[in-house]
Every structure is written in structure tokens, then in C-alpha cells.
Amino acid sequence: SSSLPLCASTRVTIIGAGKVGSTLAQRIAEKNLADVVLLDIVAGMPQGIALDLTQARGIEQHDCQIIGTNDYADTANSDVMVITAGIPRKPGMTRDDLMRTNAQIVVEAVQRSIAHSPNAILIIVTNPLDVMTYLAWQASGIPSNRVMGMAGVLDSARFQSFIAMELGVAITDITTTVLGGHGDLMVPLPRYSTVSGVPITEIMEPETIDRLIKRTRNGGAEIVELMRTGSAYFAPASATCLMVESILYNQSRVVPTCAYLQGEYGLNDIYVGVPSRLGCAGVESIVELNLTEAELSALHISAESVRQNVHQAKEMLAAV
Ligand code: TXD
């Protein structure tokens, strides 16, 4: 159903062929968006998944090539590279517990990815998301507009679905905005969350909105507690796919993105979630919403916690 891509060639590499990576590969291929290269450190695993997805092509009616590999040379000339490599959260673990291990994995993956695809746009998915995105940008050596993180599309989709469940209205009539880091301090914005253009603050009680905000903040942990053996991957893959599509097809979707700030919202030299326009160049612009003092201060508190974790992660990496 998509039109021809505006970018010359379309190849998406996914580093980490686990739950999110393999589900994202399926979404990209079955939407006929691009050829997909799946890379993992586990021998044989990405090759097996690629073969399995390839055998579904006739049934799903798409022509995308899916390659599984353990060799970065096979990822050459990718337009978009998605980094999902790392370890996921286990019950009781915070996203920050993952930091030490995932920092090393992400930095290495980014350096090796960019070496073979110097013009690629990078989307980071590995947690703790905002910290990994900052480290990825620094390790990449490429302009900040070409490095971004996925979290806000997922967090706002969770908020959207809880509002739809509460009100019993069509999910497609609901738009939501969530700013800030991908963690307990994320900042869902009820004033900028609407049902057919009407802010939810006009149609829901403050207590109800607070309850849905809490559930949104806890959205990842709620699923971890239920699944026990891993974390969410269907909605995360869908959210990442939306960003990939907006970039490859130069759609200029405006979505919450973990993007590099240089003065916007009064924040400098930090990666944090803000509405951004995504196209062929990556983050093409950052949308500055008019915030109340309370909203802005919540964003700054979230950003400050990301900044501290980036600092801590850099020290961990330096100590290795
Ligand atoms: O909103 C968001 N950003 C997130 C983030 C939503 C969902 C998941 N989120 C995070 O993504 C999660 O906390 C993890 O840090 C990553 C990947 O989650 P997933 O559920 O896909 O984890 P898996 O299934 O364990 O997959 C990780 C894969 C696995 O196959 C490993 O073998 C591989 O990563 N891996 C590597 N691949 C390449 N290179 C290296 N070094 C490597 N190390 C592990």
C-alpha cells in the first residue's frame, strides 16, 4: 500500500534479532517497506529467523529480502539501522540496572554499524533508552539529527490505548503526547492529548487522568510482571516501525522522539523525548510546545535524571 520510497535505496539493518528485533523485521517486511538485514551475536539464530520470515513471503505477499547474519559486512549501505541489541529487563530490575552491560553492547554495535553504513540514520531501542541514545550518538561520530531513540511513540501509544479503554471510544480518534525520558519520570501531557481534537482535560476527571498517567508510566513494568521471562515487544516493534517508515518515505510524521536538544525547552546537550518531525534527514526539526511551568519543570526533572545517568554511564565505560 506504500508509495515508492523517496530515499534511493531501502535497506534497514536491525542489530539484535531478539524479540523486538525479529518482530520489527516481520513488520518492515510484511508492510513491504524495505529489505531487512538482521544481525545478532548468536550464531545461526538470525539466519534461522530470516529463513522463516522468507518462507512466509508468498503467503504474506511481499517481495522484501530478509538476510540473517553475524557479520557486520553484510549490513553495508543500510539507510536506517535500528539497535535493539542488549539484555532486556527481568522482574524487579529497573531500566538503569541494565546500563553497564547495554552501554558496552550499544557502543560497539554503533561503531561497527557506522563503519559499514556511514550515511545511515540510527534508531536506538536498547534500554535505558535516553542514556543509550546519547552514548550511541557520541560513539557514532555523526551529526545528532541522524541519531535518535524510540520510546515516546510507545509511551504515547500506551497512554492512547488506556484512554480508549477508559472512554470506550475509537483508538483512531485519540492522539496523545508524552515528553521526557523513557522511565518513571516520563511526562504525559493531558492538555495535548485529545479525543477528536478535544483535550482529555475537558472530558475526564483529574483523578481518572492521573490513574491513566500512572498506568502509562508503569506500562513496561506491568507487562514484565505478567510475562516474567522478558519485556514488551509487539508495541515496541510497531512504534519503531512507524519511525522507520516516516524516515524511509520522508513522511514528516511529528512524533515524540528521543532527540538531541540544543536549547529547545531550555535544555542543552541532552537526548530526551520531545515531539520531532521525522524524514529522510532523520530528526528534521523539533517541535516546541507551549508548556505550563509545571509541565516544563516535570520535563526538566526527567531530563536531569537522564543527564545524571549519562554521566554515570560514561564513568562506567571509562572504567572498562
Ligand atoms: O521503548 C523502548 N525503547 C523499549 C526498549 C521497548 C522494549 C524493549 N526495550 C529494550 O530493547 C529492552 O530493554 C532491551 O534492552 C532491548 C531489546 O529487547 P528484546 O526484548 O528484543 O530483548 P532480547 O529478546 O533479549 O533481544 C536482544 C538481542 C538478543 O538476541 C541478543 O543475542 C542480542 O540482542 N545481543 C547482541 N546482538 C548483537 N551484538 C551484541 N553485542 C549483542 N548482545 C546481545
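Residues numbered from 1 in each chain as written. Predicted model: local features only at pLDDT ≥ 70, side-chain atom pairs only at ≥ 80, totals over all residues. Heavy atoms only, no water.

Student: Just checking my understanding: could you explain the side chain of serine 276 for this structure?
Tutor: Relative to the elements of secondary structure, serine 276 occurs in strand β13 (residues 268-279). Take serine 276: its relative accessible area is 0%, and that puts it in the buried class. Reaching out from serine 276, the side chain makes a polar contact with the backbone oxygen of valine 274 at a distance of 3.0 Å. Ignoring sequence-local partners within four residues, the contact set of serine 276 consists of Arg253, Val254, Val255, Thr257, Ala259, Val283, Ser285 and Ile286. (Helix = DSSP H or I, 4+ residues; strand = E, 2+ residues; numbered from the N terminus. Buried < 20%, exposed > 50% of the residue type's maximum accessible area, 1.4 Å probe, protein only. Polar contact = N/O pair within 3.5 Å; in protein donor to acceptor, adjacent residues only side chain to side chain. Contact = heavy atoms within 4.5 Å.)

Student: Before we go on, may I ask you to explain the nonpolar core in this structure?
Tutor: Generally speaking, nonpolar side chains in soluble globular proteins are found buried as a group. Formed by 85 residues in total, the largest nonpolar core has its most connected members in Val12, Ile14, Ile28, Val82, Val110, Ile123 and Ile124. It is helix α5 (residues 129-140) that contributes the most residues to this core, 8 residues altogether. Once residues within four sequence positions are removed from consideration, isoleucine 123 is found in contact with Val80, Met81, Val82, Ile83, Met148, Met150, Thr240, Met243, Val244 and Ile247. (Core = buried A, V, L, I, M, F, W, Y, C linked by side-chain atoms within 4.5 Å.)

Student: Sorry if this is basic, but what is going on with helix α4 (residues 99-116) here?
Tutor: Residue pairs spaced three or four apart in an α-helix point in one direction, given the helix's 3.6 residues per turn. If you check α4, its first and last C-alpha atoms are 26 Å apart, about what 18 residues at 1.5 Å a residue would give, namely 26 Å. Within α4 the residues assigned to the buried category are Met99, Asn102, Ala103, Val106, Val107, Ala109, Val110, Ser113 and Ile114. On the buried face of α4, the contacting elements are β1 (11-15), β4 (80-83), β5 (121-124), α5 and α10 (293-319). (Expected span 1.5 Å × (residues − 1).)

Student: Sorry if this is basic, but what is going on with the site of the ligand here?
Tutor: Around the ligand, 26 residues are found, and the nearest of them are Lys19, Val20, Asp40, Val125 and Met150. Taking aspartate 40, its side chain carries an N or O atom lying 2.7 Å from an oxygen atom of the ligand. One of the backbone nitrogen or oxygen atoms of methionine 150 is found 2.8 Å away from a nitrogen atom of the ligand. Surface burial for the ligand is 89%, taken as the share of its 860 Å² of free accessible area covered by protein chains. At the level of elements, α1 (19-30) and α4 are the ones that each hand at least two residues to the shell around the ligand. When grouped by side-chain class, the residues that make up the shell around the ligand number 16 nonpolar, 8 polar and 2 charged. (Near = heavy atom within 4 Å. Areas by Shrake-Rupley, 256 points an atom, 1.4 Å probe, with all protein chains shown as cover. Nonpolar A, V, L, I, M, F, W, Y, C, P; charged D, E, K, R; others polar.)

Student: Explanation requested: the pattern of salt bridges in the structure shown.
Tutor: For side chains bearing opposite charge, pairing can occur when the charged atoms are close. Across all of its chains, the model carries 8 salt bridges by this definition. A salt bridge links arginine 112 to glutamate 108; the nearest nitrogen and oxygen atoms lie 3.1 Å apart. Here the residue arginine 112 and the residue glutamate 108 both occupy positions in helix α4, the gap between them amounting to 4 residues, near one helical turn. With relative accessibility at 41%, the residue arginine 112 sits in the partly exposed group. Residue arginine 307 pairs with glutamate 304 through a salt bridge whose shortest N-O separation is 3.7 Å. A residue pair is termed a helical-turn pair when its members lie 3 or 4 positions apart in one helix, as arginine 307 and glutamate 304 do in helix α10 at 3 residues. Residue arginine 307 is classed as partly exposed on the basis of its relative accessible area of 30%. (Salt bridge = Lys/Arg side-chain N within 4 Å of Asp/Glu carboxyl O.)

Student: Would you mind showing me how to read the side chain of threonine 133 here?
Tutor: With respect to the element layout, threonine 133 can be found in helix α5. Since its relative accessible area comes to 0%, threonine 133 is described here as buried. Polar side-chain contacts of threonine 133 include one of 2.8 Å to the backbone oxygen of leucine 129. What threonine 133 contacts, discounting residues up to four positions off in sequence, is Ile124, Val147, Met148, Gly149, Cys258 and Tyr271.

Student: Looking at this structure, I do not really get the packing of α5 against α10. What am I missing?
Tutor: Between two packed helices, both the angle of their axes relative to each other and the distance between the axes serve to describe the pair. Interhelical geometry of α5 versus α10 gives an angle of 55° and a closest axis separation of 9 Å. Taken together, the axes of α5 and α10 lie oblique to each other. Along this stretch, α5 crosses α10, giving a crossing that reads as right-handed. On α10, the residues touching Asp130, Val131, Tyr134, Leu135 and Gln138 of α5 are Val306, Asn309, Val310, Ala313, Lys314 and Leu317. Residues belonging to the contact of α5 with α10 are distributed by class as follows: 7 nonpolar, 2 polar and 2 charged. (Axes fitted to C-alpha atoms, helices over the stretch in contact; angles between N-to-C directions. Parallel < 35°, antiparallel > 145°, perpendicular 65-115°, else oblique. Left-handed = near helix turned anticlockwise from the far one by under 90°.)

Student: Sorry, what's going on with the pairing of strand β14 (residues 282-286) here?
Tutor: Looking along a regular strand, one sees the side chains alternate between the two faces of the sheet. Across 4 bridges, the pairing between β13 and β14 is antiparallel. Note on β14: the bridge partner recorded for glycine 279 is glycine 282. (Pairing = 2+ DSSP bridges.)

Student: How should the environment of proline 88 be read in this particular structure?
Tutor: As for its placement among the helices and strands, proline 88 is situated in the loop between β4 and α4. In this structure, the C-alpha to C-alpha distance between proline 88 and glycine 230, residues 142 residues apart in sequence, is 6.4 Å. In this structure proline 88 touches Leu98 and Ser231, once residues within four positions along its chain are discounted.

Student: I keep staring at a nonpolar patch on the surface and nothing clicks. Help me out?
Tutor: On the surface, Leu167, Val169, Val198 and Ile203 cluster together into a nonpolar patch covering about 260 Å² of accessible area. Tracing the backbone through its elements, the reader meets isoleucine 203 in the loop between β11 (198-199) and α7 (206-217). (Patch = residues over 30% accessible without salt bridge, like charges linked within 9 Å, V, L, I, M, F, W, Y side chains within 5 Å.)

Student: Would you explain helix α6 (residues 152-167) in this entry?
Tutor: Its 16 residues give α6 an end-to-end C-alpha distance of 22 Å, which sits within 8% of 22 Å, the value for a rise of 1.5 Å per residue. Where α6 is concerned, the buried positions are Gly152, Val153, Leu154, Asp155, Ser156, Arg158, Phe159, Phe162, Ile163 and Ala164. With its phi angle positive at about 65°, glycine 168 sits one or two positions after the end of α6.

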